[in-house]
Amino acid sequence: MARRAAVRTVQRRARGPVPQAKVPIRVKINGVEYSHEVEPRLLLVHYIRDVVGLTGTHIGCDTSNCGACTVLMKGTWGNEWRAVKSCTLYAVQADGAEIITIEGLAKNGELHPLQKAFWEHHALQCGYCTPGMILAALGFLKLNPNPTREEIRKGISGNLCRCTGYVNIVKAIEAAAKEIREKGSWI
Amino acid sequence: MTAQRAVGAPVARRDAFEKAVGAAKYASDLFLDDMLWVAVLRSKYPHARIRRIDTSKAESHPNVVAVFTHRDVPVNRYGLFKKDRPVLCDDKVRYIGDPIALVAAETREDALEALKLIEVDYEPLPPVTDPIEAMRPDAPKVHDDGNICREVHLRLGDVDGAFARADVIVENTYRTGAQIHAYLETEAGISYMEDGKIVVVAGGQSPYRDRAEIAHALNLPEEMIRVVTPYVGGAFGGKDDITVQIHLALVTWKTGRPARLVWSREESMMAGTKRHPAIIKIRTAATRDGTILANKIEIVLDKGAYTALGPAVLDVAVENCNGPYRVQASQIDAYLVYTNNMVASAFRGFGAPQVIFAIERQMDLLAKKLGMDPLELRLKNALRKGDRYVFGNVLEGSVGIAQCLEVARSHPLWRSRGRNSCEWPWLRRGVGVAAAMKGYTIGALPDKGVVALELLRDGRVLVKGSFTEIGQGVIQAVAQIAADLLGVSVDDVEVVFADTEVTPDTSVTSASRQLFLAGNAVREAVEALRERVAELEGRLSGRRPARVEFSGGWVFIDSERRYSLQELARLLESTGLGRQVLGVYEVPRVEPLPGTLEIPHLFYMFGVTLAEVLVNLLTGEVTVSKVVSIVDAGRVINPITFTGQVEGAVAQGIGFALMEDAKIRDGYLLTRDLSTYLIPSSKDVPEIEVIPVETEEAEGPFGAKGIGEIGIISVAPAILNAVADATGVEPNAIPLTHERLYWLLKEHGLVEQLRRAST
Ligand code: FES
Ligand code: FES
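Residues numbered from 1 in each chain as written. Chains lettered and ligands numbered in written order. Predicted model: local features only at pLDDT ≥ 70, side-chain atom pairs only at ≥ 80, totals over all residues.

Explain the overall build of chain A to me, please; I cannot follow it from the model alone.
Of regular secondary structure, chain A possesses 6 helices and 5 strands. The order of α-helices and β-strands along chain A, N terminus first, is α-β-β-α-β-β-β-α-α-α-α. Across the 187 residues of chain A, 54% fall into the buried class. Taking the intrachain contacts of chain A between residues at least 6 apart in sequence as the baseline, contacts between residues at least 24 apart amount to 62%. (Helix = DSSP H or I, 4+ residues; strand = E, 2+ residues; numbered from the N terminus. Buried ≥ 20, exposed ≤ 12 C-beta atoms within 10 Å, placed from the backbone. Contact = placed C-beta atoms within 7 Å.)

Here's what the structure looks like:
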């Protein structure tokens with residue numbers, strides 16, 4: 001059985017009682033520049049959802065286990081896009097960074113290959129895990145564009161789905177990987 | 001797509017599109033202007049008297065708008081079977097999740113801070129956390145009227161005679177754990193006032209029932225409350241009872257302001273309901289050739305602190321505890337017992353996964369004793385259509401269990417059974433089988449569903465019903481059924497769901513019955529529309545037509561005349577007949593056995609699971625490497641939805657069998673998050689093969705049986721039977737974590753044996 005480590009410190013601290021002076025941040029999300037004054041204890045996921053209003057990014061736990069909050073981000077650790085769990089960062093840590101959420105994946109009304117594959121392969125039921133799952137898959141495909149099913153299972157094992165049993169999720173990612181390779185552009 | 005093609009076709013779901021682009025709104029995604037953040041103070045103790053609650057400090061917090069306690073609740077008890085659950089605790093707390101006070105504040109942080117300022121003076125009482133202990137007369141009482149919430153005693157057939165005649169008798173005790181739903185979206189909702197009404201938008205499973213509970217607690221007429229259920233991020237029965245709804249309505253009613261309440265994962269783990277843990281003792285009498293003569297079965301379910309849906313769960317356990325077999329006699333004694341553990345209620349399969357786990361392990365142990373093949377033993381005793389079941393009911397609906405078992409018997413996985421060795425000496429392979437059954441629709445209780453069907457002015461069709469979309473794809477399936485019956489493309493059917501203001505009451509979304517009810521109600525609605533067309537024609541031409549047919553976007557009248565649906569809509573409107581009809585479907589019922597709520601059912605669903613496992617003898621780790629789920633599904637409405645539902649159920653079954661270990665000590669939950677309560681990840685779930693066995697259920701819409709639950713029921717026993725096949729040890733309790741299996745293997749000397757072999 002996969003054991004998942006407990007990482008609790010972030011939110012524990014986030015609930016600290018002292019309101020702090022606000023800090024200005026600038027973040028580019030889905031190509032749009034946002035600047036806000038935020039409390040240092042505000043989590044990035046709450047910033048994205050409550051402040052910016054992009055609620056496609058979800059929250060499923062308080063221990064960084066579920067991956068429902070996964071987004072793509074660059075600019076915090078070098079200039080490569082990578083999938084991060086946005087509940088493991090403070091909003092202030094995203095100052096100057098670029099982020100892609102589920103709302104920013106479709107281009108000119110055309111679904112991203114992963115979105116299309118999740119839809120067509122019935123890789124979702126309640127759909128609550130789906131945005132995080134798609135972005136985790138995208139971050140993974142960027143590192144491994146031609147994965148085996150086993151590798152896909154490993155690649156998304158940080159994201160939980162309670163509804164589907166993962167079978168169709170793996171199929172969808174496999175199909176999308178093929179389309180992405182054929183298209184030659186991953187985003 | 002035209003008539004007769006939508007049903008049975010693998011259509012991508014419409015809601016799935018919105019979900020894949022991140023546009024679907026769940027209750028937890030809703031934020032309102034000027035909204036209050038609500039937080040709940042929960043009990044520190046599993047059992048204590050409340051001496052005093054002092055909220056004054058919290059109230060004086062600058063950003064706190066209001067604090068509520070039981071004093072603010074007009075009728076402080078709710079519950080579906082028994083109104084025994086306090087909205088906010090008054091005299092006592094009975095489990096660690098029990099709510100004591102609500103804080104409504106301007107921000108999330110303020111609300112959480114203010115919770116810490118509330119002082120509660122408790123007088124801790126001795127808790128009772130073991131259901132067997134709780135049944136003793138001198139045990140601490142959870143409720144004043146004693147700890148036995150409900151008991152059922154049935155004596156069916158000549159049990160003593162059967163035991164006297166038996167060649168073999170097998171007796172064992174089985175245990176199952178407190179599985180937690182762990183849907184990815186926790187319990188969540190918002191509320192606001194609109195036109196003098198309280199509107200609650202929350203994740204739930206039945207808006208009308210939630211509305212009735214809110215109205216009761218606030219002592220308001222139901223018409224003053226509107227409940228809307230948006231897309232729900234998973235439910236599996238865990239949102240069948242009230243969660244956030246009454247608290248939200250109370251805050252908005254008293255403050256006049258919009259409010260938001262979203263449970264944290266920890267809160268969801270503690271205050272959300274669980275699967276009833278069970279202790280099941282079975283004594284089976286059989287003849288030498290493998291004919292089962294009788295079962296004596298004792299069932300004890302740990303109810304936790306409040307009744308919730310427990311009585312119905314107990315009855316499902318009682319009804320299915322003999323398994324899908326021709327058992328001639330049975331003695332059943334079942335108890336539902338209050339403890340100071342967390343509340344148990346509905347969870348996919350209700351009480352069936354517990355008792356089927358027990359009887360299906362028992363079948364393997366019986367087969368072992370008789371020296372028979374476990375699949376042949378099952379097949380020999382399997383129910384057939386027309387059989388009289390143990391309750392005396394004749395099975396008139398379709399009974400596909402024998403077909404399912406036959407498919408299993410010829411499956412390559414079953415045929416490969418017996419190859420136990422692996423490339424490494426410490427790995428052992430095993431294959432197991434288990435069968436499942438469960439009655440569906442509410443059964444002996446009155447059960448009725450209503451949908452409205454509106455012909456839109458542009459000729460498209462709108463179906464309205466209070467069913468909720470909890471991920472099971474009901475909306476798409478309803479659209480497909482309506483499209484077929486009306487001969488229109490499935491894309492021309494709109495569906496509005498789960499809003500007490502605009503959709504009629506299609507009854508509750510649970511017990512695998514929603515599609516059955518809604519589908520039949522749609523069929524009735526189409527009949528009503530046909531009738532209305534006949535009436536229209538009578539008015540227009542003075543003569544009632546003999547035949548009205550819908551096809552290809554037209555309605556044909558006595559094959560003489562036809563109108564497009566658009567035209568029909570116009571005519572219905574201009575004549576004042578109206579474009580909307582109602583379809584009402586009442587489930588045919590059987591008289592319940594005396595002393596039971598809903599035993600027996602009229603319809604049953606069946607299934608068989610095959611599982612392959614690899615057991616590491618050194619660590620006790622079990623890897624499920626393959627699962628085959630064979631399901632008697634009636635006619636499949638949408639194959640993709642169908643297999644998806646079954647795969648998801650199998651994954652939950654794997655968790656139930658091996659991983660999901662809610663550690664509860666003295667009433668305290670130790671596993672309060674997803675890092676300690678492990679649900680299956682993509683690495684724990686193997687490839688799953690789903691094989692539908694299509695039998696025709698005459699009463700169902702297009703023969704569809706409920707499928708939401710059957711897939712989970714026989715997974716755990718199949719896995720444990722496979723572990724037994726692999727190792728020779730006979731584990732009878734789940735979850736079988738690797739630690740538990742390790743100790744069992746050690747007890748049986750397997751670890752020693754291996755060590756000796758390697759030196
Ligand atoms: S919310 Fe669960 S990992 Fe971020
Ligand atoms: S689809 Fe419901 S959690 Fe994945």
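Would you take a moment to explain the overall build of chain B for this structure?
Broken down by element type, chain B carries 21 helices and 28 strands. Radius of gyration (C-alpha) of chain B: 27 Å, near the 27 Å computed for a compact globule of 759 residues. On the principal axes, the C-alpha backbone points of chain B span a range of 90 × 75 × 50 Å. Excluding contacts between residues fewer than 6 apart, the proportion of contacts in chain B whose partners are at least 24 apart in sequence is 80%. (Rg over C-alpha atoms; globule rule 2.2 N^0.38 Å.)

Is there a simple way to think about the domain arrangement of chain B in this case?
Often, the extent of an interface is quoted as the loss of accessible area on bringing the components together. All names here are of chain B. Here chain B is partitioned into domain 1 (14-22 + 448-586), domain 2 (31-125 + 187-262) and domain 3 (278-442 + 594-754). Inter-centroid distance (C-alpha atoms) of domain 2 to domain 3 is 37 Å. The interface is formed by 18 residues belonging to domain 2 together with 19 residues belonging to domain 3. Here the residues of the side of domain 2 that touches domain 3 sort into 6 nonpolar, 5 polar and 7 charged. (Domains from an automatic or database assignment. Nonpolar A, V, L, I, M, F, W, Y, C, P; charged D, E, K, R; others polar.)

Just to check I follow, could you spell out the domain arrangement of chain A for this structure?
Residues and elements named next belong to chain A. Per the domain assignment, the segments of chain A are domain 1 (9-104) and domain 2 (113-183). Each of domain 1 and domain 2 has a C-alpha centre, and the two are 23 Å apart. Contact with domain 1, which involves 16 residues of that partner, is made by 14 residues of domain 2. Among the elements of the structure, β3 (70-74) and β4 (82-85) are those that each provide at least two residues to the side of domain 1 that touches domain 2. Here the side of domain 1 that touches domain 2 takes 3 residues from β3, the largest share from any one element. When grouped by side-chain class, the residues that make up the side of domain 1 that touches domain 2 number 8 nonpolar, 7 polar and 1 charged.

What should I look at first to understand the environment of Ala134 of chain B in this one?
Residues and elements named next belong to chain B. Note that Ala134 resides in helix α4 (residues 131-134). Looking at Ala134, the number of C-beta atoms within 10 Å reads 25, which means it is buried. Along the backbone, Ala134 and Leu301 are 167 residues apart, and their C-alpha atoms lie at a distance of 11 Å. With residues up to four places along the chain from it excluded, the contact list for Ala134 reads Val128, Ala139, Asn147, Val337, Tyr338 and Thr339.

Looking at this structure, I do not really get the sheet that holds strand β2 (residues 48-54) of chain B. What am I missing?
Backbone hydrogen bonds hold the strands of a sheet together, and the pairing may be parallel or antiparallel. Residue and element names in this part refer to chain B. Strand order across the open sheet formed by 3 strands is β4-β2-β6, with antiparallel pairing between neighbours. Looking along the sheet, the strands with just one partner apiece sit at the ends: β4 (92-93) and β6 (119-124). Relative to β4, β2 is paired through 2 bridges, and the arrangement is antiparallel. Its bridge partner being in β4, Ala48 is matched across the sheet by Val93. (Pairing = 2+ DSSP bridges.)

What exactly am I supposed to notice about the sheet that holds strand β12 (residues 259-262) of chain B here?
All names here are of chain B. Pairing is mixed in the open sheet, where 7 strands are placed in the order β3-β5-β1-β12-β9-β10-β11. Whereas interior strands pair on both sides, the edge strands pair on one side only; in this sheet they are β3 (64-68) and β11 (225-228). Taking each pair of neighbouring strands and ignoring which way they run, the sheet shows an average axis angle of 20°. The strands that helix α3 (residues 108-115) touches are β1 (36-42), β3 and β5 (99-105); relative to β1, the one it contacts most, it runs at about 25°. (Axes fitted to C-alpha atoms, helices over the stretch in contact; angles between N-to-C directions.)

Can you help me understand the interface of chain A and chain B in this one?
The interface of chain A with chain B comprises 49 residues on the first partner and 54 residues on the second. Elements supplying a minimum of two residues to the side of chain A that touches chain B: α3 (113-120), α4 (130-143), α5 (149-155) and α6 (167-183) of chain A. Here the side of chain A that touches chain B takes 4 residues from α3 of chain A, the largest share from any one element. For the side of chain A that touches chain B, the per-class residue count stands at 25 nonpolar, 15 polar and 9 charged.

Even after reading the chapter, I still don't get helix α15 (residues 514-541) of chain B, so can you show me in this structure?
An α-helix turns once per 3.6 residues; consequently, residues spaced three or four apart project the same way. Given a rise of 1.5 Å per residue, 28 residues ought to cover 40 Å, and the 40 Å separating the end C-alpha atoms of α15 of chain B matches this to within 8%. Count one or two residues on from α15 of chain B and you reach Gly542 of chain B, which has phi positive near 75°. (Expected span 1.5 Å × (residues − 1).)

Help me understand the environment of Trp743 of chain B, please; the structure alone is not making it clear to me.
Examined against the element boundaries, Trp743 of chain B turns out to sit in helix α20 (residues 738-747). With 222 residues separating them along the chain, Trp743 of chain B and Ala521 of chain B place their C-alpha atoms 54 Å apart.

Explanation requested: α3 of chain B in the structure shown.
All names here are of chain B. α3 sits mainly inside the fold: 6 of its 8 residues count as buried. Along α3, the residues that are buried comprise Glu109, Asp110, Ala111, Glu113, Ala114 and Leu115. Elements that come into contact with the buried residues of α3 comprise β1, α2 (56-59), β3 and β5.

Quick question: what am I supposed to make of the nonpolar core here?
In a soluble, globular protein the nonpolar side chains are often hidden away together inside. The biggest cluster of nonpolar side chains holds 328 residues, and the ones touching the most others in it are Val38, Val103, Ile299, Val478, Ala482, Val522 and Ile719 of chain B. Sequence-distant contacts of Val478 of chain B, that is, excluding residues within four places in its chain, are made with Val463, Gly465, Val495, Ala518, Gly519 and Val522 of chain B. (Core = buried A, V, L, I, M, F, W, Y, C linked by C-beta atoms within 7 Å.)

Where do I start with unusual backbone geometry in this structure?
The phi angle of most residues is negative, glycine excepted, and most peptide bonds adopt the trans form. Following Ile599 of chain B, the chain continues to Pro600 of chain B via a peptide bond in cis, the omega torsion being -5°. Tracing the chain through its elements places Pro600 of chain B in the loop between β23 (580-586) and β24 (603-616). For the bond running from Ile734 of chain B to Pro735 of chain B, omega is 0°, close enough to zero to count as cis. Position of Pro735 of chain B among the secondary structure elements: in the loop between α19 (715-727) and α20. One non-glycine residue with positive phi stands out, namely Tyr166 of chain A, at about 70°. Residue position: Tyr166 of chain A is located in the loop between α5 and α6. Owing to 30 C-beta atoms within 10 Å, Tyr166 of chain A belongs among the buried residues under this scheme. Phi angles above zero are rare outside glycine, and Phe350 of chain B is one such case at about 50°. Structurally, Phe350 of chain B can be placed in the loop between β15 (329-338) and α10 (352-370). The buried category is assigned to Phe350 of chain B, around which 29 C-beta atoms lie within 10 Å.

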